[in-house]
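# Descriptive structure summary
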Amino acid sequence: MALQGRIKSLQQELTTSRPSCDAFLITHSPNLCYLCGFTGSAGALIVSKNGATFFSDGRYRTQAREEVRGARIVIVPKSPLSAAADWLLAFKKTSKLRSRLSVGIEAEHVTVAARSRLIRALAGGFRLRALGPLVEQARMIKDPEEVQKIRRAALLGSALFDKVLKAVRPGATESAVAAELEYAARRAGAEAMSFSTIIASGKRSALPHGHASNSAIPPRGFVVCDFGVILASYCSDMTRTIHVCRPTAEARSAYEAVRSAQQAGVEAIKPGVTSGEVDAATRKVLVQRGLGKYFTHSTGHGVGLEIHEGPRLAAGQTEVLRPGMVVTVEPGVYIAGKWGIRIEDMVLVTETGHEVLTPTKKEMIVI
Ligand code: GLY
Ligand code: MN
Ligand code: MN
């Protein structure tokens, strides 16, 4: 969908949603990127029934002109938020709508301090309404162009796993492995990593978010490798767990349990299924294998302009999967002081089922 189509849908939603709003002030960067294409760090967008206006400061004059589509551009020597407040004051003056204009703000993202500043700048005459995640809800369903970008990011992520495999060896530090991966990612065109790379070896593999540290990889044990790249503003996210030296029968059996759980989660994905049902599918396998209590996080999450976005694949979640959603399936088991295992793919919900976007194989790799 062209950017203008996204703003149009939002305008429609503003008039039909209850309570309705005369204008919606958006400041959350991924939402700005989604609605008008701006990828900088400081901007504000007002969407009203009459159209959209984007505000930024002098640092982004050229970039805004290059990127922003479907909105008028206003560059000011002050914060985008106060420029947006000025615009609202002027809008109210010329508008014959009614005495108090109702302005939506992003409840999930506007800080208490920013809201106070806004109230002071608007000096009455406005009603600020805390709106739910309207843009985030739209972002859950990716259009074909977004799917293509995510597909490319996922493929690049997978291709980089080779670099990880070459770098993982006993004695190498986790940071050194992450450095090789991140250097190769940049060389291959990644704009950034989508989150702080996780290379967690030995006992540290039991930390689900064990960021690469200066610890040396021990002579034997698991190494959880969880990483992603940002390409054309879209994130990838994948995890593979490698075993250094010959695994014990117990370690191999736990790995196969996680692999089966992950496969069950992937196979559960199709339109009409709830995100809670996908979580139940992975969890059931690990419970059957006696590992349920070691699966301490949710099954997955949506991925797109942000590494973590809707829908959440967690116990009891009722969000219904729809074609165009891209989610991760990433069950894991973590035994504190011993080891951890996680396997993660990105999966697209299609009209008829699903498509796995992460091509890297999942059989146990022993090095
Ligand atoms: N490392 C973040 C995630 O996989 O969700
Ligand atoms: Mn991950
Ligand atoms: Mn993930």
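See the structure shown above.
A brief report on the enclosed structure follows. Counting restarts for each chain, with residues numbered from 1 along the sequence as it is written. The lettering of chains begins at A and the numbering of ligands begins at 1, in the order of writing. Residues qualify for local features only when their pLDDT is at least 70, as the model is predicted, and side-chain atom pairs are given and counted only at 80 or more; totals for whole chains, interfaces and linings, by contrast, use all residues. Working from all heavy atoms in the structure, the side-chain values ignore hydrogens and water.

### Considerations on the packing of helix α7 (residues 144-167) against helix α8 (residues 174-187)
Only C-alpha atoms enter the line fits that serve as axes; for helices the fit covers just the stretch in contact. Angles between N-to-C directions range over 0 to 180 degrees. Numbering of helices and strands runs from the N terminus; a helix is a DSSP stretch of H or I covering at least four residues, while a strand is a stretch of E covering at least two. Close contact between α7 and α8 brings their axes to 9 Å; oriented N to C, the two are set at 150°. Relative to α8, the element α7 is oriented roughly antiparallel. Here α7 runs over α8; the crossing is right-handed. Mapping the contact onto sequence places L160, K163, V164 and A167 in α7 and V177, E180, L181, A184 and A185 in α8. Three residue categories are used. Nonpolar comprises Ala, Val, Leu, Ile, Met, Phe, Trp, Tyr, Cys and Pro, charged comprises Asp, Glu, Lys and Arg, and polar comprises the others, including Gly. Grouping the amino acids of the contact of α7 with α8 by side-chain chemistry returns seven nonpolar, no polar and two charged. Note that the term roughly parallel is reserved for angles under 35 degrees, roughly antiparallel for angles over 145, roughly perpendicular for angles of 65 to 115, and oblique for everything else. Crossing chirality is assigned from the near helix's rotation relative to the far helix, an anticlockwise turn below a right angle marking it left-handed and a clockwise turn marking it right-handed. In what follows, a contact means two residues having at least one pair of non-hydrogen atoms within 4.5 Å.

### Details of the pattern of salt bridges
We define a salt bridge as a side-chain nitrogen of Lys or Arg found within 4 Å of a carboxyl oxygen belonging to Asp or Glu. Scanning the model with the defined rule gives 19 salt bridges in all. Between R6 and E146 there is a salt bridge; the shortest N-O distance is 3.8 Å. Taken as a pair, R6 in helix α1 (residues 3-16) and E146 in helix α7 lie far apart in primary sequence, 140 residues in all. The same class applies to R6 and to E146, which are both buried. D345 is paired through a salt bridge with K362; the nearest N and O atoms lie 2.4 Å apart. With a gap of 17 residues between them, D345 in strand β18 (residues 345-349) and K362 in the loop between β19 (354-356) and β20 (365-366) connect regions that are remote in the sequence. Residue K362 is classed as buried on the basis of its relative accessible area, which comes to 15%. Through salt bridges with shared partners, one network takes in R139, K142, E306 and E309. Burial classes follow relative accessibility: with a 1.4 Å probe on protein chains only, a residue under 20% of its type's maximum area counts as buried, one over 50% as exposed, and anything between as partly exposed.

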